[in-house]
Every structure is written in C-alpha cells, then in structure tokens.
Amino acid sequence: MEARKNFGAVDYTMLALTVFASIAIGIYHGVKGNKTAEDFAVGNRSMKPLPVSLSLLATFLSANVILGYSGEVYGNGLGLVWSILGTSLAIIFAAEVVLPVLHPLKLVSPNQYLELRFGSRCLRRLSMTMILVSVLVFMGLALYAPTLALETVTPLSSTFYIWIMGITISIYASFGGLKAVVWADAFQMVLMTSGVVLIMIMSCMEVGGIRRVWDIAESAGRTHGLNLSVNPMTRHTVWNVTLLTLVNWGSHYSVSQANYQRVSSVASLKQAKRVLYYNLIGMIVFLSLVFFMSLSVFAVYADCDPLIQGLISSKDQISVYFVNDKLKRFTGIPGIFVAALLSAALSTLSSGVNTLATIVWGDLLSHTPYFREASEFVAATANKALTALLGAIIIGMAFLASIMGGLIQASYTVVGVMSGPILAVYLLGLAVPFCNKQGAISGLISGYAVSVWIALGSFLRNTAPLELLPSSTAGCPANWTVTRVLELANTSDTLMQASSSGFDALYSISYTFYPFIGFTACLTVGIVVSLVVGYQDPKLLGPELVLLSVRRFVQKVEEDSCSVHVISYKKNSSCENILALDKLPKKL
C-alpha cells in the first residue's frame, strides 16, 4: 500500500514512546515493590479506584474492539449497538449481586470460591483449565489484531510486530506485576481514547459534519440497528446481541480473574463497587465513540468502497486505511492512531498474562510440594517467570489467530464458549444452595462441551464468506482500477445458511447464542444431577458463600463452630480467616 511510505520518523517515534513508556512503568514497579506473591497479584490491596477502573476498562477494550467494531459497522451496520445495553446490565448485576459475596472473602483467584463452596479441588482445577485454554486463544487474537493495522501502514511485517508486542508485555508484566499493569493500562487507555476521538473528528470534518455523517450512513442502511426478529439464525438482533453481551460481560465482570484481581486490589467493598460503576460510565462513553467513529469512516467511503477496490483485504482494516488515505498529509497522525491500537493490544495482553499467571500459581503451583512451603521471594520470582512463559505462549497463539475470521465474531466465539458455563457454575454455587459438587462438575463439563460442539460445527460448516450490506464505487475517480469485485447482500438481515438437517440447523444458529446455550446447559445439568445423586443440605453451608437473598435458607453458624466449609457470619469471629488457614494455599 502506498500509504506505507507516509509513515515517517514522527510516527515511528510515537510507537517507540508507547513501547518504552510501558516497559519503564513495569521496571519502576518491579524495582519499587512486588516483594511477595500477594503484592504481585493484587497490589497489596491498597490501590485507588480510578486507575484500577481505567485498567479494567483497558483490559476489556482490546484492539479487537476498535478494529472489529469499525469493520462490523462498515460492513453490517449498527446491529451491535445493543451491546451497550447488555454490557451495562452485566456490570450492574456484577456490582449489586455477585461482588457483595466474593469481595469480602479476600481471595486471590475466584476459582478458590468453587473449592470452598463445593469442597472440590477437582472443580477448581477444571475451571482453571477451561479458562486457561480459552483466554490463551483470545490473547492470541488480541495480539494478532493490531498487526493488521501495523503491517498496512508500515513496511514491517505482522510477524515483526507480533514479536515486538509479545516481548514488551512479557517484560513489563513480569517485572511489575499488577501495579505496573494497572498504571500502564491507565496510560494506554488515555492513548486509546485519544486515537478514537481523533479519527472521529477528522472523518466528520472530511464528510461535512455530524448530520452529514448520519444522513449518508442512514441512506446506506448502516444505522438500522433496531432488528426485532426472533429468528435464531439472524446474525444480529436487539435480543441476541443484548443476550450475548449480558452473559459474556456478566461472566467477565462477575467472576473473571482479570476483574476479580482489580476489585480485590482496593481496600473495601464500597471502593470495589466504585471501580465497576466508573467502568460502566467508561464503557458506555468509549463504545459510543467507537460506533460513531465507525459510521463516520463509512460515510467517507460510502461511494468508493476500498474493500471492493481490493485496497484492503478485510473490513477490519477500514479505520486504518482511512488514516493513511485521508490523513497522511498530517505529520504524526498515523502514528497517534496506530499507537492507540498498540496501547489497546498491550493493555489487554499484559492484563491477560498477569491474570493467567495468578490463576496458574494460585490454583495449581502453590499446592505442589515444592512451592507450598517456599519463601515469599521464591513465590514472587516464580510468578514473574510464569508470566514471561505465558507471554511466550501467547506469541505462538497469535500466529494461529489469522485463520479465525472477523475479529469481533471470532473474539466473542472464543470467549463465549467459556463465559456462559463459567458464569453458570458460579451461580449454581451462589444461588442454588442444594447444588452439590457432582452437579457443579457435570454442569460445567456439559455446558462447555455443548458450546464448543456448536461453535466448532458452525466454524467447520459455515465456510462461505459473510455477506455484507451493499456498497458502491460510483464515486471513485475515473482512473480508479477495480481489482476485485465482492458479492454483496441486499438485506440488513444476515442469515446463517440453513438446511433441512437437524444438526445443520443447530450449526446455523447465530454465534451470539453460544454463551447463553452454554449457560443454560450448565445450570440445567447442574440442578438435575444434584437432585438425582443427592442434593447438598443447605443448612451445612456458610451464609458467606451464597447470595444475600439466599442466606435466609442456610444456617448461620455460631462463632465457635469453625469447619472447612463454613465461615462465621459474625464479623469479629475467630473463624474469620478460615479461608486462608484451611482451604487456600499459604502463598498466592
């Protein structure tokens, strides 16, 4: 692409500063602190809500969101705008329902809750394994996504950028631990937002203002997001997008390791709720900016589609193409936007490796004979080495990510097959006091198996390219050469191809239902198996392990009746630390 020649010294400087600033933050916090495994994992539980919230926001808003959402709006319209509603409901659910139970337990890994509630280390490690596999695949996507932009605008290959970013996050996440990740994320979140706002403003100016952007997008069908169809094969509707994001983000904000680490790094439940509600505001604002930026970029190319022209190979490259096509005359602008994408990737990746290291250490290694009695120095060093190792694995996963299709669908598919069953197994523990460990294990395996089965079947069967809304080249210059022609759809309702076969019809269900299918399967199997094999007596549960609304069904234990599965309900009880003393590893 000719635009690569316009990526000059100032642009490279922006990229270099982003990388070196992130590494410097990691080294600073590595030298300053992280003397114990707890410092490394949860920042000694003494951080402030605002930077923690910015870190959480940056963690969940990867480069996949900036590139993928702009590509979705460009090719398919505003169908995903209802993700704002689903995400908002998910955050409120997490803050008001789940957090008041999990935060006071002062755990390091939420998987520890499963062992406490069900008395099963097998369930804890099963959950850890499923999360580990799914997050590693997702991290590969998050690392691969910005290379689409970087190789488009610079002479360097995607392979080069995969190595550079992978090494960068391995260095600063392993040196600095959670504190470095949080402060680097906050810095990167500012860059991400600046890049999105910059492109939104410049593309609006290119078209002629906000009203002109909306009129062009509306005439081309890109603003028609109010699809009320109940056909499960319709790719995006109000119902399935809201359901997708409610279950998916409900899992992330309620029981994911990335979220739990951050809400655990502040001192009180009140501050932890503040972290989530700050995040709610940030998510609404950022997604709204991304959606309008996407419409603005579409408006620029509504009459001269670069995808049809063959100037880009994927709809996910459209925002980057705009930067290099229209803004190349502004020195440093391409560098700012690509630095924003780089920041989005680095924040998600660093949080991912830090999260995975905490899970593997807390749920697996700290229980082994060698590490069980290890010193704090050995434990902290092992965490740093583990983080670096996981960074190397993610680099390998990135090289496999390019075969997974559109970024947003691929991301939601990979995470969705895990998020539904994981959220459900926690709700079995929190809201179904008679559920036992056999039911929880059976439910988790069943939910995960059903989700993977349907997702894999759909991936193998639906190999045809995704149909896009109509585009035009009528406004292209007379000397413009068409190098490729695409078959474009005539409707805003993109349907998966269906057939008469029952299994084929199942594989044709929209990917937006995968999390809910796994969620439902896990809940159903968990409840049925518990009733069949002999349900858990609710009176034997500690009230601290169930939802506030369920506690009247379980027995409040007296102060002197400590046991493995019960914590005293009285605040000053001598049993207060039974979690740390009896069931949890000594060093986490």
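Residues numbered from 1 in each chain as written. Predicted model: local features only at pLDDT ≥ 70, side-chain atom pairs only at ≥ 80, totals over all residues. Heavy atoms only, no water.

**Q** Help me understand the confidence of the model for the protein in this model?
**A** Fine structural detail should not be taken from predicted coordinates in areas where pLDDT scores are low. Per-residue confidence for the protein gives a mean pLDDT of 77, with 79% of residues at or over 70. Mean pLDDT across the secondary structure elements of the protein bottoms out at helix 22 (residues 578-583), with 37, and peaks at helix 5 (residues 83-102), with 95. Confidence drops under a pLDDT of 50 for residues 481-493, and excluding neighbours within four residues, the segment shows 27 contacts in the predicted structure. Per-residue pLDDT stays below 50 along residues 496-500; that stretch engages in 15 contacts with residues further than four places along the chain or on separate chains. (pLDDT = per-residue confidence, 0-100. Helix = DSSP H or I, 4+ residues; strand = E, 2+ residues; numbered from the N terminus. Contact = heavy atoms within 4.5 Å.)

**Q** Any chance you could explain helix 14 (residues 318-326) here in plain terms?
**A** Each α-helix winds once per 3.6 residues, and so residues spaced three or four apart point in a common direction. By the criterion of burial, helix 14 is predominantly enclosed, with seven of the nine residues buried. For helix 14, every residue scored as buried is listed here: Ile318, Ser319, Val320, Tyr321, Phe322, Val323 and Asn324. (Buried < 20%, exposed > 50% of the residue type's maximum accessible area, 1.4 Å probe, protein only.)

**Q** For this particular structure, what's the right way to read the pattern of salt bridges?
**A** For side chains bearing opposite charge, pairing can occur when the charged atoms are close. Under the defined criterion, the tally for this structure stands at seven salt bridges. Residues glutamate 115 and arginine 121 are paired through a salt bridge, measuring 3.3 Å at the closest nitrogen-oxygen approach. On the accessibility criterion, glutamate 115 (2% relative accessible area) is buried. Of the charged contacts, one joins aspartate 325 and lysine 326 as a salt bridge, the two residues approaching to 3.9 Å between their closest N and O atoms. A residue is classified by how much of its surface remains accessible, and aspartate 325, at 23% relative accessible area, is partly exposed. Take lysine 326: its relative accessible area is 24%, and that puts it in the partly exposed class. One continuous salt-bridge network, built from bridges that share partners, spans Glu72, Arg235 and Lys315. (Salt bridge = Lys/Arg side-chain N within 4 Å of Asp/Glu carboxyl O.)

**Q** Looking at this structure, I do not really get the nonpolar core. What am I missing?
**A** One broad trend across soluble globular proteins is that nonpolar side chains are buried collectively. Grouped together as the largest cluster of nonpolar side chains are 158 residues, with contacts concentrated most on Leu61, Tyr113, Tyr253, Leu276 and Phe322. Top contributing element to this core by residue count: helix 12 (residues 269-300), with 17 residues. (Core = buried A, V, L, I, M, F, W, Y, C linked by side-chain atoms within 4.5 Å.)

**Q** Teacher, can you tell me more about the packing of aromatic side chains here?
**A** For any two aromatic rings, the description comes down to two numbers: the centre-to-centre distance and the angle of the planes. Summed over all chains, the structure comprises nine aromatic pairs. Look at tyrosine 113 and tyrosine 426: their rings are 5.9 Å apart centre to centre, the planes differ by 20°, and that puts the pair in the stacked class. Highlighted residues: tyrosine 113 in helix 6 (residues 111-118) and tyrosine 426 in helix 18 (residues 407-431), separated in sequence by 313 residues. Judged by relative accessible area, which is 0%, tyrosine 113 ranks as buried. According to the relative accessible area criterion, tyrosine 426 is buried, its value standing at 1%. The interplanar angle of 40° and the centroid separation of 5.9 Å between the aromatic rings of tryptophan 249 and tyrosine 253 together place this pair among those described as tilted. Linking tryptophan 249 with tyrosine 253, this pair stays in helix 10 (residues 238-255), spanning four residues, or about one helical turn. (Phe/Tyr/Trp six-rings, centres within 6.5 Å; stacked < 30°, edge-to-face > 60°.)

**Q** Can you help me understand the packing of helix 15 (residues 333-363) against helix 17 (residues 376-398) in this one?
**A** Helices that pack against each other are described as a pair by the angle of their axes relative to one another and the distance between those axes. At a minimum axis separation of 9 Å, helix 15 and helix 17 run at an interaxial angle of 125°. In terms of orientation, helix 15 lies oblique with respect to helix 17. Note that helix 15 runs across helix 17; the crossing there is right-handed. Contacts from Leu349, Val353, Leu356, Ala357, Val360 and Trp361 in helix 15 reach Ala379, Ala382, Asn383, Leu386, Thr387, Leu390, Gly391 and Ile394 in helix 17. Looking at the contact of helix 15 with helix 17 residue by residue, the classes come out as 11 nonpolar, three polar and no charged. (Axes fitted to C-alpha atoms, helices over the stretch in contact; angles between N-to-C directions. Parallel < 35°, antiparallel > 145°, perpendicular 65-115°, else oblique. Left-handed = near helix turned anticlockwise from the far one by under 90°. Nonpolar A, V, L, I, M, F, W, Y, C, P; charged D, E, K, R; others polar.)

**Q** What is the right way to look at the state of the cysteines in this model?
**A** What we call a disulfide is simply a covalent bond connecting the sulfur atoms of a pair of cysteines. In this structure the tally under the stated criterion is zero disulfides. Residue cysteine 435 stays outside any disulfide, its sulfur separated by 8.2 Å from that of cysteine 522, the closest cysteine. (Disulfide = S-S within 2.5 Å.)

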